[in-house]
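Next come the chains, spelled out residue by residue.
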Amino acid sequence: MHQAGVAAKSPAMSTATTDGIRVTVEPTFWPERSTPESGQFAFMYKVELFNDGTVPAQLRSRHWVITDAQGHVDEVRGEGVVGRQPHLKPGERFEYTSWAMLRTPFGTMRGTYEMERPDGTRFEARIAEFALTLPHALH
């Protein structure tokens, strides 16, 4: 996928670790899919899940909370991510890229991944809130 001008350390990047599962998200504005004059602002986000712990875990489902600049909230729930339910052994990582559409030039996303341990116990791995911002929109 095309990633226009992504810096190594984006100020909008977020990281959170829950029970050994580290979730890092790096968002970027996606001008090729956006039509600002029609109120459509597309944002790509790259997610990295890393098992920093000592016990394997499998991603079962996702829950995203997407909020635009007018306070409109969309919640997205579903099985897995990008059609997969990755298993992460200690020290393993899984990366994927997805996208979201806003009606405003900036907003936020946050959420959780439901993870399952080999013994069947489940927990919510937190996705720390990150900003979706049209470049130069907040001047």
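Before any of the text, the structure's been laid out above.
Scope of this entry: the structure provided in the associated data block. Because the structure is a prediction, the values reported are computed rather than measured.

About the cut-offs
Residues numbered from 1 in each chain as written. Predicted model: local features only at pLDDT ≥ 70, side-chain atom pairs only at ≥ 80, totals over all residues. Heavy atoms only, no water. Helix = DSSP H or I, 4+ residues; strand = E, 2+ residues; numbered from the N terminus. Contact = heavy atoms within 4.5 Å. Buried < 20%, exposed > 50% of the residue type's maximum accessible area, 1.4 Å probe, protein only. Pairing = 2+ DSSP bridges.

**What to know about the environment of Val23**
Checked against the element boundaries, Val23 lands in strand E2 (residues 21–29). As a C-alpha pair, Val23 and Tyr113 span 90 residues in sequence and 9.2 Å in three-dimensional space. With sequence-adjacent residues up to four places away left out, Val23 is seen in contact with Ser14, Thr15, Ala16, Val47, Glu48, Leu49, Tyr113, Ala125, Arg126 and Ile127.

**Examining the pairing of E2**
The buried fraction of E2 is high, at eight of nine residues. Where strand E1 (residues 14–18) lies against E2, five bridges are found, and the strand directions are antiparallel. Paired with Thr17 across the two strands is Arg22, which belongs to E2. Between the end of E1 and the start of E2, which pair antiparallel, lie two residues, with Asp19 showing a positive phi angle near 50 degrees. Where E2 meets strand E3 (residues 41–51), nine bridges bridge the pair, whose relative direction is antiparallel. Across the sheet, Arg22 pairs through a bridge with Phe50, a residue of E3.

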